[in-house]
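Each chain is listed here by its residues.
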Amino acid sequence: MRLKYVLPALALTIFYSCKRDMIATSGDIDKTTKFTAAALTDQTPLIGIVSVPQVAIGMVTTLVGGPASPNIFPSPAGIAFDVSEKLYVTDQQTNQVKKIDPNTGAVLAVWGSGQAGLKDGSPGQAQFKSPQGICVTRDGRIFIADAGNNVIRSINARGDSVGTVAGSGIAGFADGVGTVPKFNHPTGIAIDAAGTLYVADQLNNMIRRITNGNTVTRWAGQLTPGSKDDAGSLASFNNPTGVAIAGDGSLYVADGLNHKIRRIVRGIVTTVAGSGIFNHKDANGREAGFQFPAALCSTSSGGLFVADFFSSARYIDEHGKVTTPAGFAIGFADGLGAAAAFNHPAGITATSHDRVFIADQDNHAIRQVRIQLAVATLAGNGHTGYQEGTGIDAFIESPRALTAGPGGTVYFYDGRGNLRKCTRDGVTSLVLPAPPVVPGLGLATRKIVVDNAEGVYVPDLFNTSIVGIRNGVTSTLAGNDKSDADRDGQGAGATFTPLEAMTTDGFQNMYVATAAGHIRKVGFDGRVTTIFTNSALANATVRLAYSHNANGLYALINHQTVLFFSLTDHTTTTLYTAGGPQTPSLNDICIDANDNSGPYVAGADNKVYHFSGPTLSPIAGQGIAGDVDGPTATARFNTLSSIASFARVIYVADMNNNRIKIMDAF
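All of these numbers come straight from a predicted model, not from anything done at the bench.

*Asks:* So what's going on with the pattern of salt bridges? Residues and values would help.
*Replies:* Taken as a whole, this structure holds 23 salt bridges when the rule is applied. The shortest N-O distance in the salt bridge between Lys228 and Asp230 comes to 3.5 Å.

Take a look at the structure:
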């Protein structure tokens, strides 16, 4: 089938082969995206990181096929993973569904005789006609949008029988059960955790829903094409082609001829990204441009990958910022970022954080995109001095003691003792000036604590009391300046020896390590209690990180040792000891303040690591002092004094480069 449509931006009538996937979500529903309510509202466009040009770059390789060997997948469309990370691909020209090994490209199973038709039965006898979207459930069932037949098909979990779920084979529009419903070129398909199927019914300009009883209903859209955000049938689409389910149950739609990404929550349709103009533009939310987004898939990191048909892989982060990890011009080339080329990417799927596969339709290939994280400067220009501003307009001298607060705003001290903050869009501003302007607050190198209401808590001049700062007003939360011992109590009745580290659970308590060798819990009501005593903490340089998932505290001691203090059974475990190239000294440790991923550590060897028990996995940094942004493997830092993370974005205080740097953690 060939369809005629108008590209508004070009005012051209173009005929194109309707070979679109639409997404095939992985059956592993638990690994879908985690968009935050704050980031995605139903009323406003998304706002992202405006000062960071790109934080993800894709290295593209060809798994199987290509222009020189087009026979395996002459026209691949839909692509999806199962829970064992095997790939399933629909091919429109061969009228088949194939299962392949994602490591070798070897074909492991085939469904469909190769002859176009509508026939149920065994894998070799069954017939499809231009199958497109595909999804796989956790228990191994496969669902296919059989576009040329205008029906929804299924393959049972054993893989030995093909059936028809809904549709009569006649193009049209009708709701109902079994063979009563009618579709008009269904292309995208996804399944939610409850087993409900969602279908991008392309030429009906609708999203249809199929319950477990095989009842088909309209979920959103109307027969007349349009681009209206509204509820259910009051909303409108224009050739929707791809669908994907997010972890919160919301549905994302690749709205092809509107050149937009739409979202449906409780039946309400909103626009997430795309201006509606046919162009390639990386930008925030509705300022971005797409060129017929054909398919999309959610990721465990909180974003969406999009197969933009003309002709690149796009990424939308959890704040709505659209970037291009790979591709730009139409062609066939493996390589990094814009050096790679696709020829009408029609389907896309992702798993395991960094494995993205694309059905590259007119290159007759399955391509793999290995996402390479990239380091970018959020704020600071490398020069010493003091000046507030946005991005590189700010002067940030020797940043340290970095802490992530609500929404990803980071708080830090500069080398002059000023307490400052930097928002996710790179805007730096003063929280509290250095002494002697404000007597009693000293040049701190200890971590700051920020509560969920953006109250800021810091050690005082002698590090023997905790001062709270809210709306520019300072007051003592706990402790006093006449202390020579750790004594529990309330407010000023409690005493501290010098405070060596601070962290918080973000809700009710902060935790501090003192020079006397204690870890103490401090409620935001000022109540202080001692919960651990360990001689390794005494008079030591300590950094603390609270883990909600593990219900305990990671303590980095003297840059050499990581202990874990369990708040469940009050045991202490040694996790790491530095001593050699494989176990470098560490400068700081953090847990993600939003989703508890991590721990992440800043190495004294100018590398950023993910920490798991005694194992350090490098995330970024070449290990050579310098000031280089770009792909994480080639990035360079110069003394990582501190690290923080929020919503799977990592921030580092690159002290000797006088910058705050940022990278995604997916």
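Alright, that's what it looks like, and here's the rest.
*Asks:* If you had to explain the side chain of Ser311 to someone new, which residues and values would you point to?
*Replies:* Along the polypeptide, Ser311 turns up in the loop between strand 22 (304–308) and strand 23 (312–316). You can call Ser311 buried: its relative accessible area is 0%. Polar side-chain contacts of Ser311 include one of 2.7 Å to the backbone oxygen of Phe342. A polar atom in the side chain of Ser311 sits 3.4 Å from the backbone nitrogen of His344. Setting aside chain neighbours within four positions, we find Ser311 in contact with Gln291, Gly327, Phe328, Ala329, Ile330, Phe342, Asn343, His344 and Pro345.

*Asks:* Please give an account of the sheet that holds strand 36 (residues 449–450) that cites residues and values.
*Replies:* Spatially, the four strands line up as an open sheet ordered 36-37-38-39, and their pairing is antiparallel. Only two strands of the sheet have a single partner each, and these edge strands are strand 36 and strand 39 (473–479). Relative to strand 38 (residues 465–470), strand 37 (residues 456–459) runs antiparallel, the two being bridged by four bridges. Among the inter-strand pairings, Tyr457 is bridged to a residue of strand 38, identified as Gly468.

*Asks:* For the environment of Ser154, give the residues involved together with the corresponding values.
*Replies:* Here Ser154 shows up in strand 10 (residues 151–155). Residue classification places Ser154 among the buried positions, given a relative accessible area of 18%. Sequence separation between Ser154 and Ala166 is twelve residues; the distance between their C-alpha atoms is 9.6 Å. In this view, Ser154 contacts Ile142, Phe143, Ser161, Val162, Gly163 and Val165; residues no more than four positions away in its chain are not counted.

Procedures and definitions
Residues numbered from 1 in each chain as written. Predicted model: local features only at pLDDT ≥ 70, side-chain atom pairs only at ≥ 80, totals over all residues. Heavy atoms only, no water. Salt bridge = Lys/Arg side-chain N within 4 Å of Asp/Glu carboxyl O. Helix = DSSP H or I, 4+ residues; strand = E, 2+ residues; numbered from the N terminus. Buried < 20%, exposed > 50% of the residue type's maximum accessible area, 1.4 Å probe, protein only. Polar contact = N/O pair within 3.5 Å; in protein donor to acceptor, adjacent residues only side chain to side chain. Contact = heavy atoms within 4.5 Å. Pairing = 2+ DSSP bridges.

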